[in-house]
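Reading the structure
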Amino acid sequence: MAEISDVYFVDGMRTPFGRAGEKGMYWNTRADDLVVKTIIGVMERNPGVPGERIDDVAIAATSQTGDQGLTLGRSAAILAGLPMTVPGFAIDRMCAGAMTSVTTMAGSIGMGMYDIALAGGVEHMGHHPIGSNADPNPRFVAEKMVDPGALNMGVTAERIFDRFPHLTKERSDAFGMRSQHRAQAAYDAGKIQPDLVPVGVKDATGAWGLATEDEGRRPQTTMADLAGLKTPFRPHGRVTAGTSSPLTDGATMSLLAGGRAVKELGLTPKMRLVSFAFAGVQPEIMGIGPIPSTEKALRKAGLKIDDIGLFELNEAFAVQVISLLDHFGIADDDPRVNQWGGAIAVGHPLAASGVRLMIQLAAQFRERPDVRYGLTAMCVGLGQGGSVIWENPYFDGKKKK
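Since we're looking at a predicted model, the values are computed, not measured.

Focus: the packing of aromatic side chains
By the definition in use, this model includes three aromatic pairs. Centroid distance Phe233 to Phe317: 6.5 Å. Interplanar angle 85°. Geometry classified as edge-to-face. Residue Phe233 is found in the loop between α7 (223-227) and β8 (248-258), and its partner Phe317 is found in the loop between β10 (308-313) and α10 (318-327); the two are separated by 84 residues along the sequence. Phe233 gets classed as partly exposed once you look at its relative accessible area, which sits at 31%. Taking relative accessible area as the criterion, Phe317 reaches 7% and is therefore assigned buried. With centroids separated by 6.3 Å and ring planes inclined at 65°, the aromatic side chains of Phe276 and Phe278 adopt a geometry described as edge-to-face.

This is the structure in structure tokens:
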């Protein structure tokens, strides 16, 4: 008989993230091949997990067409060489796709239906630009359910500035600059590279190379640089390329397991799932979505925001992150928040990003036994937020000196 189980994040890996478009390093690489690389990487790093023990493979993509179609979880599992007995499926919650892959598999593990699962996401925004194959129902606008601007993420970010005037462009610029500097410092210290799966890439001339680092970083960014950037979403606006996540290609993968499998196979989990929640908000101001989802996740866990010692918040836009920090009384430059930089620096391949947050949090947990709980959270298009609270298995109860 199935038993309720704890759910563990055993491991996670990702491809380096590349700039979307013809000049990006993945222009001649298929999206499903990026997924395959991450599956192989995670399985090779965890040889104690037999392939036939994988109960399911959940892969998210926002644009499920072309090389991101054909039931990605199943097709990628076959291409990665997993046994034919391993099933798989595709999932979509736009930016929170990979996060939803994890929470969906976590639900199955928690109920005792699954023992081990793979969960991740991919987005090749070069091959499938955001919204390129979308056909929004005309009722959204005709019946005034949703403002037309709600379908443009940059416009929704400008509206956060409108609603909260104290969240100034200067604060947003400073946050964007810090993301670049922190990401480069993490690279220089070798924090990011261990969880990256190298990917063979072919350039326009047909020459092969190896992608080993995130492509879009701008570590020399200054406040003066940011102050002079154009505001593409509104004349004299406040959202710029320097305070937005760039268009990005990449894939992520996590290995999840229940307590019984962890014990049986002698696995060493990197995190334990405590709670998760998703919430809806007005699509016109979708960036505030992580606020109610975080409140909900905290409630379910019986925790308060002060119990969270590390935050990995997806930087769709700087103003979106600082709106959450401001709501919870956390300083824009709090060292607990995105201490290795975020999506503004390394990129945001939509449905893949949720697991990137988890990979970075897990790595930070290992370094911080004084921290018990961490949060991964992100906003989602059409007015949603997603939040997952994790517990550090290395927690020793001692305060950091």
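On we go.
Some points on the UniProt feature "domain: Thiolase C-terminal" (unreviewed entry) in the chain
The sites that carry the UniProt feature "domain: Thiolase C-terminal" (unreviewed entry) are, in the present numbering, residues 268-391. Secondary structure over residues 268-391 splits into 33% helix and 26% strand, and the C-alpha atoms at its two ends are 14 Å apart.

So, helix α9 (residues 290-301)
Over its twelve residues, α9 extends 16 Å from the first C-alpha to the last, a length consistent with the 16 Å expected when each residue adds 1.5 Å. For α9, every residue scored as buried is listed here: Pro290, Ile291, Ser293, Thr294, Ala297 and Leu298. Taken end-on, α9 shows its buried residues confined to a sector of 165°, consistent with a single buried face. Looking at α9, the residues exposed on the side facing more than 90 degrees away from the buried face are Arg299 and Lys300. Along its buried surface, α9 packs onto β9 (271-280), β10, α10, β11 (373-380) and β12 (384-391). Count one or two residues on from α9 and you reach Gly302, which has phi positive near 70°.

Focus: helix α6 (residues 169-188)
With 20 residues, α6 ought to run about 28 Å at 1.5 Å a step, and its terminal C-alpha atoms sit 29 Å apart, in line with that. Once α6 ends, the next one or two residues include Gly190, with phi positive near 75°.

Quick word on the UniProt feature "domain: Thiolase N-terminal" (unreviewed entry) in the chain
Feature annotation in UniProt assigns "domain: Thiolase N-terminal" (unreviewed entry) to the following positions: residues 7-257. For the annotated span residues 7-257, helix accounts for 31% and strand for 18% of the residues, and the straight-line distance between the end C-alpha atoms is 6 Å.

Looking at the state of the cysteines
Under the defined criterion, the tally for this structure stands at zero disulfides. The thiol of Cys379 is unpaired, and the distance to the nearest cysteine sulfur, on Cys95, comes to 6.0 Å.

Some remarks on a nonpolar patch on the surface
Taken together, Ile4, Met111 and Met113 make up a surface patch of nonpolar side chains, about 370 Å² in accessible area. Mapped onto the elements of the fold, Ile4 is located in the segment before β1 (7-14). For Ile4, a relative accessible area of 68% translates into the label exposed.

A word on the packing of helix α5 (residues 153-163) against α10
α10 packs onto α5 with a crossing angle of 40° between their chain directions and a minimal axis gap of 9 Å. As judged from the angle between their axes, α5 and α10 are oblique. You can see that α5 and α10 cross each other, and the crossing is left-handed. Contacts between α5 and α10 involve Ala157, Ile160 and Phe161 on the former and, on the latter, Val319, Gln320 and Ser323. By residue class, the composition of the contact of α5 with α10 is four nonpolar, two polar and no charged.

Conventions and cut-offs
- Residues numbered from 1 in each chain as written.
- Predicted model: local features only at pLDDT ≥ 70, side-chain atom pairs only at ≥ 80, totals over all residues.
- Heavy atoms only, no water.
- Phe/Tyr/Trp six-rings, centres within 6.5 Å; stacked < 30°, edge-to-face > 60°.
- Helix = DSSP H or I, 4+ residues; strand = E, 2+ residues; numbered from the N terminus.
- Buried < 20%, exposed > 50% of the residue type's maximum accessible area, 1.4 Å probe, protein only.
- UniProt positions renumbered as here; feature names shortened; annotations may be inferred.
- Expected span 1.5 Å × (residues − 1).
- Arc of directions from axis to C-beta.
- Contact = heavy atoms within 4.5 Å.
- Disulfide = S-S within 2.5 Å.
- Patch = residues over 30% accessible without salt bridge, like charges linked within 9 Å, V, L, I, M, F, W, Y side chains within 5 Å.
- Areas by Shrake-Rupley, 256 points an atom, 1.4 Å probe, with all protein chains shown as cover.
- Salt bridge = Lys/Arg side-chain N within 4 Å of Asp/Glu carboxyl O.
- Axes fitted to C-alpha atoms, helices over the stretch in contact; angles between N-to-C directions.
- Parallel < 35°, antiparallel > 145°, perpendicular 65-115°, else oblique.
- Left-handed = near helix turned anticlockwise from the far one by under 90°.
- Nonpolar A, V, L, I, M, F, W, Y, C, P; charged D, E, K, R; others polar.

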